[in-house]
Amino acid sequence: MGISWVMKLVVEPPADRSMRPVLIVWEHGGQLGHLARLIPIAKALRARGHLVVVATPEPAAVWPYFETVGVALVATPQVAAERYAGPSLLCPADVWLHCGFANPSAAHGCVVQWLALFDRLKPSAVLIDASPMAQYAATVAGLRTVVLGHGFELPPQVPGLSFAPWMDGTELSIARSEENLALAMKALGTLLGTAADAMPGSADGWLNASQRALCIWPELDHFERAMPEPAYIGPIWHTLSESICIGWPDKPGRKVLCYLTLQDRRHNFLWQSLQKQGANVVVVSPKSAILPCDAARAWGMTVHTQSVDLEPLLPTCDAVINGGGMGLTSMALHAGKPVMLLPTQLEQALLAYQLLRRGLIVSTIRHEHLVQVQTRVDQLLHDAGLKQRATNFASRYAWFTPEIVVSKVMQLLVGDSACTAKAIDIAETNQAYDSVVANREVQETNDMNKRKTSTC
């Protein structure tokens, strides 16, 4: 199944709704984490007999990952190139402005292209991943739409929400961005005319018009939510088809798994600190430069520059270090491993900020401060409290598998009743877990009091 199948579908869209394809859209973000959560969903849809089309900016680049899945690939419409001159990303409105809404005329052209694509494919449902323009167009078209993402990608619709809560004096800039987005959305609606009659009157309104699948656990949310809507359904992780299997080097020392992008010398103090601890370190860096990898090897690190199947390494490792990607961070905590995050992007920094507040990780952005890095590495490998909190987290989610999340997304996307029984409510499960723990603590306290009484 390939491009020729799509061309036939475009020319002769099936009248039977059950034979219309499910369209998966991924516009923004170059990380493999997007693929790792979309591929299992595409596989599940194909296993249920659904036709699947994946729309992405560079179909040829991702085809090797989807080749064996049985889907077709098409290119996404593109917003005319014009750099948004606004501030850096401080709030959700900045994201949507940077994604093309700042220029209503160019956005109009892109939305019209999306509407034409929808008309040709006649999708039964649309799954949106990091694709605000496609989400807007799908809402205009009245299509069944599910938006997939973690906390940063599906932020709470709260006026004044900041991506940098540790920064002061951002309120005015955020308010200006929210006003600019509202004006841009109004202008875009005017350009679309009757096509946008059904659109909500505000940016918050149309963003809430779709069903949303919040693919995280509450502890790994980038934000505090008073009343989480949508409900948390948990993360998805998946081993990509091009990943290789490796084992731990035959060396002494604590086993540390590092997944980092090596592009410069910023991690040299990390390697020095790990060497000082006598750690047995495996570094995985698929998007790496030659010289930083050689520098890591010079410090005694074992470096792999290909995609690696990480799951077999987690049960026997002692700690995990990564930049702050949701996939590996979730996998590591699910395995009960202490985690150190070294964020280099705003999204990663916000996750690290929240997890630090919750006591689940250690972290630093001061990569070139030797004492700071050494202190954090020492905490990672020797802090009993950090290890216990990771163990407790793993116990809380021992029931969890990514397949549960895929089933929930299938339920939302195509109303698959066969998936309903597999979907588990995380909030209810956590309440049950807390109840069990509380009862156990009460029982232990009672037993201790009985022992004290019997010895008196």
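Worth saying up front: this structure is predicted, and the values here are computed from it rather than measured.

Enquirer: Quick one: what's the story with the pairing of strand β7 (residues 255–259), residue by residue and with numbers?
Expert: Regular strands place side chains that alternate from one sheet face to the opposite one. Pairing of β7 with strand β8 (residues 280–284) involves 5 bridges; the strand directions are parallel. Bridging from a neighbouring strand, Leu 257 pairs with Val 282 of β8. Remark: the β7/helix α9 (residues 268–276)/β8 crossover connection has right-handed handedness. Strand direction decides the pairing type here: β7 and strand β10 (residues 319–322), joined by 4 bridges, are parallel. The residue of β10 that forms the bridge with Cys 258 is Ile 321.

Enquirer: So what's going on with the nonpolar core? Residues and values would help.
Expert: In this structure, Phe 66, Trp 114, Leu 127 and Leu 257 are the most contacted members of the largest nonpolar core, which totals 98 residues. Judged by nonpolar contacts, the second largest core, of 24 residues, contains Trp 271, Ala 279, Met 301 and Leu 380.

Enquirer: Give me the lowdown on the sheet that holds strand β1 (residues 22–26), citing residues and values where you can.
Expert: Sheet architecture is open: 6 strands sit in the order β3-β2-β1-β4-β5-β6, paired in parallel fashion. Unpaired on one side and paired on the other, β3 (72–75) and β6 (211–214) mark the two borders of the sheet. This sheet shows a mean twist of 20 degrees between the axes of neighbouring strands, independent of strand direction. Direction of pairing for strand β5 (residues 145–149) relative to β6: parallel, over a ladder of 4 bridges. Looking across to β6, one finds that Val 146 is bridged to Gln 211. The strands touched by helix α5 (residues 104–121) within the sheet are β1, β2 (52–56) and β4 (125–129), with β1 carrying the most contacts at an inclination of about 155 degrees.

Enquirer: Account for the packing of aromatic side chains, naming residues and giving values.
Expert: Summed over all chains, the structure comprises 13 aromatic pairs. Their ring planes at 75 degrees and their centres at 5.1 Å tell us that Trp 217 and Phe 400 sit as a pair that is edge-to-face. A residue pair is termed long-range when its members are at least 10 positions apart, and Trp 217 in the loop between β6 and β7 and Phe 400 in the loop between α14 (384–396) and α15 (402–414) qualify at 183 residues. An identical accessibility class is assigned to Trp 217 and Phe 400; each is buried. Ring centres of Phe 393 and Tyr 397 lie 5.0 Å apart, and the angle between their planes is 45 degrees; on these two criteria the pair is classed as tilted. The exposure classification of Phe 393 matches that of Tyr 397, with both residues buried. One aromatic cluster in this structure is built from Trp 217, Trp 237, Phe 393, Tyr 397, Trp 399 and Phe 400.

So, how was this worked out
Residues numbered from 1 in each chain as written. Predicted model: local features only at pLDDT ≥ 70, side-chain atom pairs only at ≥ 80, totals over all residues. Heavy atoms only, no water. Pairing = 2+ DSSP bridges. Helix = DSSP H or I, 4+ residues; strand = E, 2+ residues; numbered from the N terminus. Right-handed = clockwise from strand over helix to strand, strands pointing away. Core = buried A, V, L, I, M, F, W, Y, C linked by side-chain atoms within 4.5 Å. Buried < 20%, exposed > 50% of the residue type's maximum accessible area, 1.4 Å probe, protein only. Axes fitted to C-alpha atoms, helices over the stretch in contact; angles between N-to-C directions. Contact = heavy atoms within 4.5 Å. Phe/Tyr/Trp six-rings, centres within 6.5 Å; stacked < 30°, edge-to-face > 60°.

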